[in-house]
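# Structural characterization, general
Below are the chains, spelled out letter by letter.
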Amino acid sequence: MIQKKKVSRETLLCLVGAVAALVIVTVLENTIGPSGQLFIVLKKGAVYSLAAVSLNLLNGFTGLFSLGHAGFMLLGAYTYAILTVPVSAKDAVYYLFGGSAVKFSLPDIFYGIFGSEGAGGMAALTLGVLLAIILGGLVAAFFAYLIGLPVLRLKSDYLAIATLGFAEIIRAIFQWQALGPVTNGANMITQIPTFSSFNIRLGSGKTLYLATFFPFLILILCLVVIVMLINSSYGRAFKAIREDEVAAEAMGINLARHKRLSFCISSFFAGISGALFAMYASNAQAMVYTSTMTYEILLIVVIGGIGSVSGSVLATFLYVACSEWWLRGLDMGKFLGIQSGLFRSGFRMVVFSVVIMIVVLFFRRGIMGDKEFTDLLFRRRKKQKAKEAAK
């Protein structure tokens, strides 16, 4: 009975926090305007948070060291872009390659059903975009299944090298000019629906800005699914594999099946984050999804805490805020009101690297370790109940 109360209290707290986050970002964006640096950080932070948590599911909770995350994000981004770029834009994009565009686009199809004006247009756009995002995740998961059949037989460094090679191969294929009629070769696919497409123009002439609300909503929904998975029997099997594969197999856990399942689920959410990144960047271009992106996400996971969902989310926003906002003055000659010749282009990354080194040295298990926010909030209560039980 006590256990049920604790679970319901923690769940209620998470639900309140999620709703509060959605309300706060919406109020801020509609109060101070959507053009500030704050909202760039919030949108990119939401996208990278999902990528970091999905990588943590594989590396932190299952113990599989993968470096192919950027490849799965690329698959999600291109699937989304190809399925949502307007038919008229496809004619312009593919004309250079002498090919013919695929004569359909998911939002265009729903526009034909709901209409392209008013509430019907917004419903059509939302359904088209959501379906394309989900398909982006499914395509990434499908390729993960195919790649996982031979690759997941490897362990530790060998698995990391194999998945890194997959990501580089995928990027090279999508930049191949022979695939121009589908991927636009080395060029980017543009004119796709972005976060700003969800802004609603009101009858009074004002605009309700939802560009930051949308990625936060997708992030929260995905986090709910991931946390439910981690707390399920499958999540416990993943953790058992991480701790000791031999003991897990002795307890009846099918190692190959659960490793493949973790790999596919992680890649599914990586594909969704890739689709969101395409919306954030307003384009899909293969050259962006390099190994450097995977290293960034892996660094966020390590800083936040391997095996902590809360840590990955917290570390993502701190990382993005530092790199994209707080330390920008170091590249522009002026920082915290101090002007110096030492502050020049590239100096920001030097300071940023030193900050990361300090964090890693003093927080060797990451900011959160393997704990969650709810563990910290209810720590005292748990200690008191443990003492009472001991008496």
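Located above this text is the structure these notes cover.
The present account deals with the structure reproduced in this document. (Residues numbered from 1 in each chain as written. Predicted model: local features only at pLDDT ≥ 70, side-chain atom pairs only at ≥ 80, totals over all residues. Heavy atoms only, no water.)

Before going further, it helps to spend a moment on the overall build of the protein chain. A tally of regular secondary structure across the protein chain gives 17 helices and 4 strands. For the protein chain, the residues scored as buried account for 46% of the 391 residues in total. Of the contacts made within the protein chain by residues no fewer than 6 positions apart, 72% connect residues no fewer than 24 positions apart. For the protein chain, the computed accessible surface area is about 19,600 Å², with 67% contributed by carbon and sulfur atoms. (Helix = DSSP H or I, 4+ residues; strand = E, 2+ residues; numbered from the N terminus. Buried < 20%, exposed > 50% of the residue type's maximum accessible area, 1.4 Å probe, protein only. Contact = heavy atoms within 4.5 Å. Areas by Shrake-Rupley, 256 points an atom, 1.4 Å probe, with all protein chains shown as cover.)

The calculated volume of the largest pocket comes to roughly 1,600 Å³. Taken together, 43 residues line the largest pocket, and the ones lying closest to its centre are Cys14, Val227, Val309, Ser310 and Thr374. Residue assignment for the lining of the largest pocket shows that the elements contributing at least two residues are helix H1 (2-32), helix H9 (213-230), helix H10 (233-243), helix H14 (309-326) and helix H16 (373-377). A per-element tally of the lining of the largest pocket places H1 first, with 15 residues. Classifying every residue of the lining of the largest pocket by side-chain character gives 30 nonpolar, 6 polar and 7 charged. The volume enclosed by the second largest pocket comes to roughly 190 Å³. As for the second largest pocket, its lining consists of Tyr111, Ser116, Gly118, Ala119, Gly121, Met122, Leu125, Ser197, Ile200 and Arg201. Those elements giving two or more residues to the lining of the second largest pocket turn out to be helix H6 (118-151) and strand S1 (200-201). (1 Å grid on protein atoms, 1.4 Å probe; cavity = no way out; pocket = protein on both sides within 12 Å on 5 of 7 lines; lining within 4 Å. Points joined across faces, edges and corners; volume = space filled by probe spheres on them. Nonpolar A, V, L, I, M, F, W, Y, C, P; charged D, E, K, R; others polar.)

Let's shift gears to helix H13 (residues 291-304). The terminal C-alpha atoms of H13 lie 20 Å apart, and with 14 residues this matches the ideal 20 Å at 1.5 Å per residue to within 8%. Looking only at H13, the buried set comprises Ser291, Met293, Thr294, Ile297, Leu298, Ile300, Val301, Ile303 and Gly304. Backbone geometry just after H13 places Gly305 at a positive phi near 125°. (Expected span 1.5 Å × (residues − 1).)

A cluster of nonpolar side chains, contributed by Leu12, Leu15, Val16, Val19, Val23 and Val27, occupies part of the molecular surface with about 540 Å² of accessible area. Tracing the sequence through the fold places Leu12 in helix H1. Accessibility expressed as a relative area gives 51% for Leu12, which makes it exposed. (Patch = residues over 30% accessible without salt bridge, like charges linked within 9 Å, V, L, I, M, F, W, Y side chains within 5 Å. Salt bridge = Lys/Arg side-chain N within 4 Å of Asp/Glu carboxyl O.)

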